[in-house]
Amino acid sequence: MTVNLGPSVTRSDREWPADLDVAALCSGGWRPTPFREFVLKIHSRCNLACDYCYMYEMADQSWRSRPRRMERDVLDRTAGRIAEHVHAHGLDRVKLVLHGGEPLLAGAERLAYAVRAVRTAVGPDTRVDVRVQTNAVRLNAGFLRLFDELDVAVSVSLDGDEEAHDRHRRRADGRGSHAAVKAGLALLTDGPYRHLFAGLLSTIDLRNPPVRTYEALLAWGPPQIDFLLPHGNWSTPPPGRVPDDLDTPYADWLIAVFDRWYDVPRQETRVRTFGEIMQLLLGGASTTEIVGLSPVASIVIETDGSMEQISSLKSAFAGAPATGLHVERDSFDAALLLPSVAARQIGLDALAPTCRSCALRRVCGAGLYAHRYRAGTGFANPSVYCPDLFRLITHIRGRVQAGLTARFPGRS
């Protein structure tokens, strides 16, 4: 028996979660969490050729057969499906992420049309928070005026100083992009559009000095920095991560940044991974799927209208994010009942036995779902970054406990 995960893609039902019984979950009282974040792949191509990109350089190459840009009819149908979902579940606030590829390649008119179409469709009783994720190479005053008019937050991908950034984030002809990104960031941060700045997204390279990289990012005054582990899994390990090796190179890198971030008398910026871990350690819930067990409530709409799961799954195998659903014929509620989507909403029940028995299970949550994949068993595994996550969380827990003890002596 095989399970169809999309056009020309099959995976044996031995690979979890293909055989997850969603009907049984529902009979037992489980209910799916409605989607609250809709990621529009408004343009499927990019003006950079980053060598670590999950879209173009990893297992799933479906971008090759998809339209370059999301057309108006697809946007209209997507907006209608979002409105349908919002009204069915009584949602008063959702997120819309304009993504790619490089979303600015879609042009100002198409970006504006997308935002207005969704907001018009959902109506005045639901707030639609919009963010664009860009490499900033094409970011100019015209785009910023539009984003200011439409209240669109801007998040920029930047890997550090020039040397760190241009190590991977290059143009197709090999030229680095740091100078162009710097110019776009200057327009965003130095003038009247500063309030649109949502933060920086930075992929870790172990060769880049951690504190120097952090301080290069900090120089832009970002409200938040999001450090990303390079995508990989047990079958295709990320750089510097040897499966089953107990070394912790990524934890060591992040700990150096954490100590620099944590030791200042006044917080200089938010670092998402650190904040999420600290919140979980103090008994809170996670707001992303990088750690913790909170249900994942995000779905991707590709340029052709196909519904997909989070795009980082493209790093696992061809078709990994596919659902087989399309906005033309399917509701978002249909996606919620797929085994592959439900698996990212059922918390502890989605963890491998090793993770369920771990003392840090509610904080770690087995890490990012894409990083758990192993050919033959699917996603029923710990993260390929398991040793790094364990060491990082343990270090942060120790620092937080020491800080609380110093502040409140005599309390356990």
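What you are looking at is a predicted structure, and each value in this text was computed from that prediction instead of being measured.

### Some words on the packing of aromatic side chains
1) Next: The final tally for this structure, using the stated rule, is 14 aromatic pairs.
2) Next: On the basis of an interplanar angle of 75 degrees and a centroid distance of 6.3 Å, the ring pair of F35 and F332 is categorised as edge-to-face. Here F35 is found in the loop between α1 (22–27) and β3 (37–41), whereas its partner F332 is found in helix α10 (residues 332–336), with 297 residues between them in sequence.
3) Next: The class for F332 is buried, based on a relative accessible area of 1%.
4) Next: For the ring pair F38 and F332, a centre distance of 5.2 Å and an interplane angle of 55 degrees mean the geometry is tilted.

### Looking at the pattern of salt bridges
1) Next: Taken as a whole and assessed by the stated rule, the structure comprises 28 salt bridges.
2) Next: As a salt-bridge pair, D304 and R66 come within 3.3 Å of each other at their nearest N and O atoms. Here D304, found in the loop between β10 (298–301) and β11 (306–308), pairs with R66, found in the loop between β3 and α2 (72–89); they are 238 residues apart in sequence, far enough to count as distant.
3) Next: Because the salt bridges share partners, they merge into one network encompassing D60, R66, E302, D304, E308 and K314.

### What about the pairing of strand β8 (residues 224–228)?
1) Next: Sheet topology places strand β7 (residues 197–203) next to β8; four bridges connect them, and they run parallel. If you follow L200 over to β8, its bridge partner there is I225.
2) Next: Viewed along the sheet, the connection from β7 through helix α7 (residues 210–218) into β8 turns out right-handed.
3) Next: Across two bridges, the pairing between β8 and strand β9 (residues 270–271) is parallel. Bridge pairing in β9 links I225 to V271.

### So, unusual backbone geometry
Excluding glycine, most residues fall at negative phi; most peptide bonds, likewise, are trans.
1) Next: Cis peptide bonds are those with omega within 30 degrees of zero, and the linkage from W16 to P17 qualifies with 15 degrees.
2) Next: Here P17 is to be found in the loop between β2 (9–12) and α1.
3) Next: Its identity is not glycine, yet D244 carries a phi of approximately 70 degrees, on the positive side.
4) Next: As for its position among the elements, D244 is in the loop between β8 and α8 (249–262).
5) Next: Taking the relative accessible area as the measure of exposure, D244 reaches 63% and is therefore exposed.
6) Next: Backbone geometry places A366, a non-glycine residue, at a positive phi of 70 degrees.
7) Next: Along the chain, A366 falls in the loop between α13 (361–364) and α14 (386–407).

### Focus on the confidence of the model for the chain
1) Next: Within the chain, residue pLDDT values average 95, and 96% of them lie at 70 or more.
2) Next: Residue range residues 1–10 is modelled with pLDDT below 50. Its contacts to residues more than four positions away, or to other chains, number 19 contacts.

### Some thoughts on the side chain of D205
1) Next: Tracing the backbone through its elements, the reader meets D205 in the loop between β7 and α7.
2) Next: In this structure D205 comes out as buried when scored by relative accessible area, which is 8%.
3) Next: Among the polar contacts made by the side chain of D205, one reaches the main-chain amide nitrogen of R207 at a distance of 2.8 Å.
4) Next: When near neighbours in sequence (up to four residues on either side) are disregarded, D205 contacts R167, H168 and W253.

### With respect to a nonpolar patch on the surface
1) Next: On the surface, a nonpolar cluster with roughly 270 Å² of combined accessible area is contributed by L282, L404 and F408.
2) Next: Here F408 shows up in the segment after α14.

### Focus on the environment of V74
1) Next: Along the polypeptide, V74 turns up in helix α2.
2) Next: The spatial distance from the C-alpha of V74 to the C-alpha of H326 is 10.0 Å, given a sequence separation of 252 residues.
3) Next: Apart from residues no more than four positions distant in its own chain, V74 is found in contact with T303, D304 and G305.

Procedures and definitions
- Note that residues are indexed from 1 along each chain, following the sequence as it is written.
- Side-chain atom pairs in this predicted model are given and counted only at pLDDT of 80 or more, local residue features only at pLDDT of at least 70, and totals for whole chains, interfaces and linings cover all residues.
- Side-chain measures were taken over the full set of non-hydrogen atoms in the model, leaving aside hydrogen atoms and water.
- Paired rings are identified among Phe, Tyr and Trp, the last through its six-membered ring, by centres lying within 6.5 Å, and are further divided according to the angle between planes into stacked (under 30 degrees), edge-to-face (over 60) and tilted (the rest).
- Segments assigned H or I by DSSP are reported as helices when at least four residues long, segments assigned E as strands when at least two residues long, and all are numbered from the N terminus.
- In this scheme, a residue with accessible area under 20% of its type's maximum is buried, one over 50% is exposed, and one in between is partly exposed, where area comes from a 1.4 Å probe on protein chains only.
- Salt bridge, as used here, is a side-chain nitrogen of Lys or Arg placed within 4 Å of a carboxyl oxygen of Asp or Glu.
- Only strands that DSSP links by at least two bridges are regarded as paired with each other.
- Looking down the strands as they point away from the viewer, one classifies a crossover as right-handed if the path from the first strand across the helix to the second runs clockwise.
- pLDDT: the predictor's confidence for each residue, scored from 0 to 100.
- Contacts between residues were defined by any pair of non-hydrogen atoms, one from each residue, lying within 4.5 Å.
- In the analysis that follows, any N or O atom pair within 3.5 Å is treated as a polar contact, provided that within protein one partner can donate a hydrogen and the other can accept it, and provided that, for residues neighboring in sequence, both atoms belong to side chains.
- Think of a patch as exposed residues, more than 30% relative accessible area, with no salt bridge, where like charges cluster within 9 Å and nonpolar side chains (Val, Leu, Ile, Met, Phe, Trp, Tyr) cluster within 5 Å.
- All accessibility values rest on the Shrake-Rupley procedure with a 1.4 Å probe; residue burial counts only the protein chains present in the view.

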